[in-house]
Every structure is written in structure tokens, then in C-alpha cells.
Amino acid sequence: MIVVLTGGTGGAKFVDGLRQIIPQQELALVVNTGDDLRWWGLSVSPDIDSILYVLSGLLSKERGWGVQSDTFFCLQTMAQYGEPAWFKIGDRDLAIHLLRSQLIADGKTLSEATDEIAHRLGVTARVLPMSNDRVETRIQTPSGELGFEEYFVKRRYQDKVLAVRFAGAEEAHPAPGVVEAILSADAVILAPSNPVTSIGPILAVPQIRVALRETSAEVIAVSPIIGGVAVSGPAANLMSATGLPVSIAGVARAYQDFLDVLVVDTSDSEKGKELEHSGLRAHCTNIMMRTAQEKLNLAREVLSLAGQGVES
């Protein structure tokens, strides 16, 4: 079993590569829920949905989120009614939020609701929310504290970040199956996701970080930073605000207590050699995922590092 900790668009792209070269039944995806929010009274889990859409072949390739070829008539109508419309939910995307909300209202946990939705989408991989307890990523700015999606989507991550916290994380428990998957994994991979707000909330659940230290599996992370610049999104600002250098060294520091191998871009090869002095292995390759072939190549290379070679 290959276990992947994932969140955000970088994580979804990496999983898109994996799903094409390894059977879904051999994948367990531990997904960030720190971005979850209530929207129009519905339970929305953006990162879980992106993974479900990737695995079912529904993810919009143009946007990197939501459903391919979706329409937005409901969003437009809600805006006309004076309701907030900055979080852009499409009409087909809306169905998954309605279904999740109905399942939770009927007494199911987030894990159980996710299993049910995955089954209906024909997804056979294990999609595991990091926790069934509420953990909320909060961004402290000069204008006040914001939920992650408000900071990221509504305000387009233009605010200066003063601090980041994960409300509820210290009391949260891993969702059923998360710790067991990590401890029994053949390999654990941290996707090239934002280390602060995509992977950070997962690691903030105490028992998950302990499991990563204790697993006998190789733990491999793919850097979301190339040459001191984030591949996409606000990772650089968030890393700086939390005291991490915006570099592969900062990524390594975020995961230093459990990481075995850090996969970095070839342009960071010299800095990768410097990391190896600390005992961490750095593997250099092209980590950009602009095309379907690049996603496949990166997934194949990471699996080979874990001793899970696949045929070309």
C-alpha cells in the first residue's frame, strides 16, 4: 500500500500521475481538511473533493479544481439574490456538497460520507480525511484572522501573513484508518503540496506525526519549492510567516523529524547536496507537472525511490 499525504492543486496533480500507473486499490490518500468550510449551509471539503474528482476522472484540467465542463448558473443566481459568491462552486460540483451534507445530517462522519461518495463515483482508492474532528486553518493578517479559503480565494492571498494556526488540531484525533495505513504502508509520500496549509494541518494532528516517526516505511516528500520560489500559490509567503526558509531547506525543516528522502528539482541540485550533509537524502529530477507526461514521470520516479518500481 502506498500512502500519500495530500492537499491543494499540487497534491491533486501528483495523485493524477500516480493513479495512471498504480492500481487505485493500492493507494491510501490522507487528505487535508483544514480548508473545509460551511458554504450556503453546506459542508464543503475542497481538498477531498479534488482527490475524488481526480480519481474518478472528473477534475477540471483547465482550472485544477471543480468538475470538468461545469456550469455556474446556481452561483450566478445566488449572487443575484445577494448571497456571497466568491467561492466558486459549479452546478455539478454542488451535487457532491449536497450529498455530503445530507449524509452528515443523517449521522455519518466525514470519513463515512467520503467512503459513500467515493463508492458512488467508482473510486476504489482509500480516501481518508485526516480527521473527523473539526480542524480549521486560520491565517492571521493585519486585517484580522481569516479562514484559509477567505484568505486564499476571496482575498487572493494578497494579505500579509503574520501567523498561521490550526484551530482544534491539538484535540483532534486521526480519522479511522489513517494511523493504521501509515504504520503498515510500503511507502509514505508527501505530495508537492504547500507544507504550511496543505500538509501542515495533517501533521498538526498529533498522532499522525507520531505515526510518521514510527513507520518502518520510507517517507518521501516532493518539494513544492524550486529555486526559492513556490511552484504555485502562497506557499512562499506562508513559509516565511512561519519561520521556514523559502527553499528546499525550509521544506526539509518542516518534515525533519520523520523524512527520509526529499525529491527536489534538478535546478536545486547543489542545494540538495548541502542537505545531504544533515543525513537527509535529496533526489534531483524534474518536479514540474505542466503536462500529463510530466505527472507520470514524477510519479514513476518517486515510486522507484520507494522501491515500488512500475513498468513503463
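Source: prediction; values computed, not measured.

J.: How do you make sense of the overall build of the protein when you look at a structure like this?
T.: From N to C terminus, the protein includes 13 helices and 14 strands. On C-alpha atoms alone, the protein measures out to a radius of gyration of 19 Å, which is about the 20 Å that the 2.2 N^0.38 rule sets for 312 residues. The C-alpha extent of the protein, read off along each of the three principal axes, is 60 × 45 × 40 Å. Among the 312 residues that make up the protein, the fraction classed as buried is 54%. Taking the intrachain contacts of the protein between residues at least 6 apart in sequence as the baseline, contacts between residues at least 24 apart amount to 68%. Looking at the protein as shown, the accessible area adds up to about 13300 Å², and 49% of this sits on carbon and sulfur atoms. Separation between the mean location of the 27 positive side-chain charges and that of the 37 negative ones in the protein comes to 5 Å.

J.: What's the story with the pattern of salt bridges in this structure? I'm lost.
T.: When charged atoms on two side chains of opposite charge get close, those side chains can pair. Under the criterion given, the structure shown has 13 salt bridges. Two residues, Lys 295 and Asp 16, come together in a salt bridge whose shortest N-O distance is 3.0 Å. Of this pair, Lys 295 sits in helix H13 (residues 292–305) while Asp 16 sits in helix H1 (residues 8–19); the two residues are 279 residues apart in sequence, bridging distant segments of the chain. Note on Lys 295: relative accessible area 15%, which makes it buried. In this structure, Asp 49 engages Arg 100 in a salt bridge whose closest nitrogen and oxygen atoms are separated by 2.3 Å. Of this pair, Asp 49 sits in helix H2 (residues 46–55) while Arg 100 sits in helix H4 (residues 91–105), placing them 51 residues apart in sequence.

J.: Is there a simple way to think about the environment of Gly 17 in this case?
T.: For Gly 17, the position within the fold is in helix H1. For Gly 17, a relative accessible area of 0% corresponds to the buried category. Between the alpha carbons of Gly 17 and Val 54 there is a distance of 9.7 Å; along the sequence they are 37 residues apart. Setting aside residues up to four positions removed in sequence, Gly 17 forms contacts with Lys 295, Leu 296 and Ala 299.

J.: Sorry, what's going on with H13 here?
T.: Side chains three or four residues apart in an α-helix point the same way, a direct result of the helix having 3.6 residues per turn. Across its 14 residues, H13 extends 20 Å between first and last C-alpha, which sits within 8% of the 20 Å expected from 1.5 Å per residue. Within H13, the full set of buried residues consists of Glu 294, Lys 295, Leu 296, Leu 298, Ala 299, Val 302, Leu 303 and Leu 305. Elements that come into contact with the buried residues of H13 comprise strand S1 (2–6), H1, strand S9 (187–190), strand S10 (218–222), strand S13 (261–265) and strand S14 (281–285). Note on H13: the residue one or two positions beyond its end, Gly 307, has a positive phi of about 75 degrees.

What counts and what doesn't
- Residues numbered from 1 in each chain as written.
- Predicted model: local features only at pLDDT ≥ 70, side-chain atom pairs only at ≥ 80, totals over all residues.
- Heavy atoms only, no water.
- Helix = DSSP H or I, 4+ residues; strand = E, 2+ residues; numbered from the N terminus.
- Rg over C-alpha atoms; globule rule 2.2 N^0.38 Å.
- Buried < 20%, exposed > 50% of the residue type's maximum accessible area, 1.4 Å probe, protein only.
- Contact = heavy atoms within 4.5 Å.
- Areas by Shrake-Rupley, 256 points an atom, 1.4 Å probe, with all protein chains shown as cover.
- Lys, Arg positive; Asp, Glu negative; His and termini not counted.
- Charge placed at Lys NZ, Arg CZ, Asp CG, Glu CD.
- Salt bridge = Lys/Arg side-chain N within 4 Å of Asp/Glu carboxyl O.
- Expected span 1.5 Å × (residues − 1).

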